[in-house]
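# Structure assessment
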Amino acid sequence: MKIIRATDYDDMSRKAAAVMAAQLTLKPNCVLGLATGSSPVGLYRQLIEWHQKGELDFSSASSINLDEYVGLSPDNSQSYRRFMNENLFHHVNIKPENTHVPNGLAADPKAECARYDALIREAGGIDMQLLGMGNNGHIGFNEPGEAFVKDTHRVALAQNTIEANKRFFESADEVPREAYTMGIGPIMLARRVLVVVSGAQKAKIVREALCGPITPAVPASILQLHPRVTLVGDAEALRAID
Ligand code: F6R
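The following refers to the structure shown. (Residues numbered from 1 in each chain as written. Predicted model: local features only at pLDDT ≥ 70, side-chain atom pairs only at ≥ 80, totals over all residues. Heavy atoms only, no water.)

### Quick notes on the side chain of S13
- Its place among the elements puts S13 in helix α1 (residues 9-26).
- At 2.8 Å, the side chain of S13 forms a polar contact with the backbone oxygen of Y9.
- Ignoring any residue separated from it by four or fewer positions in sequence, one finds S13 in contact with G42 and L43. (Helix = DSSP H or I, 4+ residues; strand = E, 2+ residues; numbered from the N terminus. Polar contact = N/O pair within 3.5 Å; in protein donor to acceptor, adjacent residues only side chain to side chain. Contact = heavy atoms within 4.5 Å.)

This is how it looks when you write it as structure tokens:
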């Protein structure tokens, strides 16, 4: 694993954006696996800036997001589809039809999971998967458990995740209790993985994930087995790593 040390959030965002921009430049028709949450917002902002200066072209790229809340419509202000539209897609020239987020309103959850896995397969897998890391070690919404789950699945969010994500809602009660998430399989098959971590609250889990045993109790620990991971972290998130 390549660890890149950044000073702060902005520095992390610029450095990680440079890695993703290199991917887009090397393979303009690449498949980007994308994440939501606070960690990638600065990275997306930087990509938008480079795009607006004419330095980055998304016209041949496609994207597949990690997850979506069950029960939220694409235009719900808390949905991950809306997050992606507002934080990236509407500001760059990626074709809307080439962007993919699980359908939170799917009538048949099993069929939705199968559809998403087929979509990832038909895209030829993911060239670069961007990940944040939950305080409990989740990646996507692959929550700590007794086994790694390979395929897209519907998951009950961990209490810790509900607590962490309530900052985006009026109250914890409003955080959806379930989500669709890409499984560990396509993440591990991604040709490259880019992880962004920021802030002191991530220091403990980053250490466990990188230096502890590989266990489904810390889903991000599986990344120790991936041959091409770049982790960009700020000083606070990396302070427990030598
Ligand atoms: C988001 C996702 C989650 C987040 C994680 C960290 O699509 O899949 O795994 O990356 O919860 O969230 P932040 O970046 O808000 O700390």
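### Observations regarding the pattern of salt bridges
- For the structure on display, the rule yields 11 salt bridges.
- Several salt bridges share partner residues, and in doing so they unite D11, R14 and K15 into one network. (Salt bridge = Lys/Arg side-chain N within 4 Å of Asp/Glu carboxyl O.)

### With respect to the packing of α1 against helix α2 (residues 41-52)
- Interhelical geometry of α1 versus α2 gives an angle of 55 degrees and a closest axis separation of 8 Å. Judged by the angle between their axes, α1 and α2 are oblique. In the crossing of α1 with α2, the sense of the turn from one axis to the other is right-handed. Contacts between α1 and α2 pair Y9, S13, R14, A16, A17, A18, M20 and A21 from the former with V41, G42, L43, Q46, L47 and W50 from the latter. (Axes fitted to C-alpha atoms, helices over the stretch in contact; angles between N-to-C directions. Parallel < 35°, antiparallel > 145°, perpendicular 65-115°, else oblique. Left-handed = near helix turned anticlockwise from the far one by under 90°.)

### Considerations on the site of the ligand
- Neighbouring residues of the ligand: 14 residues in total, closest S39, D67, H138, G140 and K202.
- Measuring from an oxygen atom of the ligand, one finds a side-chain N or O atom of T36 at 2.8 Å.
- Interatomic distance of 2.6 Å between a side-chain N/O atom of K202 and an oxygen atom of the ligand.
- Protein burial of the ligand: of its 400 Å² of free accessible surface, 94% is covered by the chains.
- By residue class, the composition of the shell around the ligand is three nonpolar, eight polar and three charged. (Near = heavy atom within 4 Å. Areas by Shrake-Rupley, 256 points an atom, 1.4 Å probe, with all protein chains shown as cover. Nonpolar A, V, L, I, M, F, W, Y, C, P; charged D, E, K, R; others polar.)

### Points about the sheet that holds strand β8 (residues 178-181)
- Pairing is antiparallel across the open sheet formed by three strands, whose spatial order is β4-β8-β7. Edge positions in the sheet fall to β4 (67-69) and β7 (153-156), since each has one partner strand and no second. The mean angle between the axes of side-by-side strands here comes to 25 degrees, regardless of whether they run parallel or antiparallel.
- With four bridges joining them, β7 and β8 adopt antiparallel strand pairing. Residue pairing for β8: V155 is matched across the bridge by A179. (Pairing = 2+ DSSP bridges.)

### Section: the environment of L72
- Mapped onto the fold, L72 is located in the loop between β4 and α3 (80-87).
- With relative accessibility at 12%, the residue L72 sits in the buried group.
- For the pair L72 and P176, spaced 104 residues apart in sequence, the C-alpha separation works out to 8.2 Å.
- Once residues lying within four places of it in the same chain are set aside, the contact partners of L72 are Q78, S79, G104, L105 and P176. (Buried < 20%, exposed > 50% of the residue type's maximum accessible area, 1.4 Å probe, protein only.)

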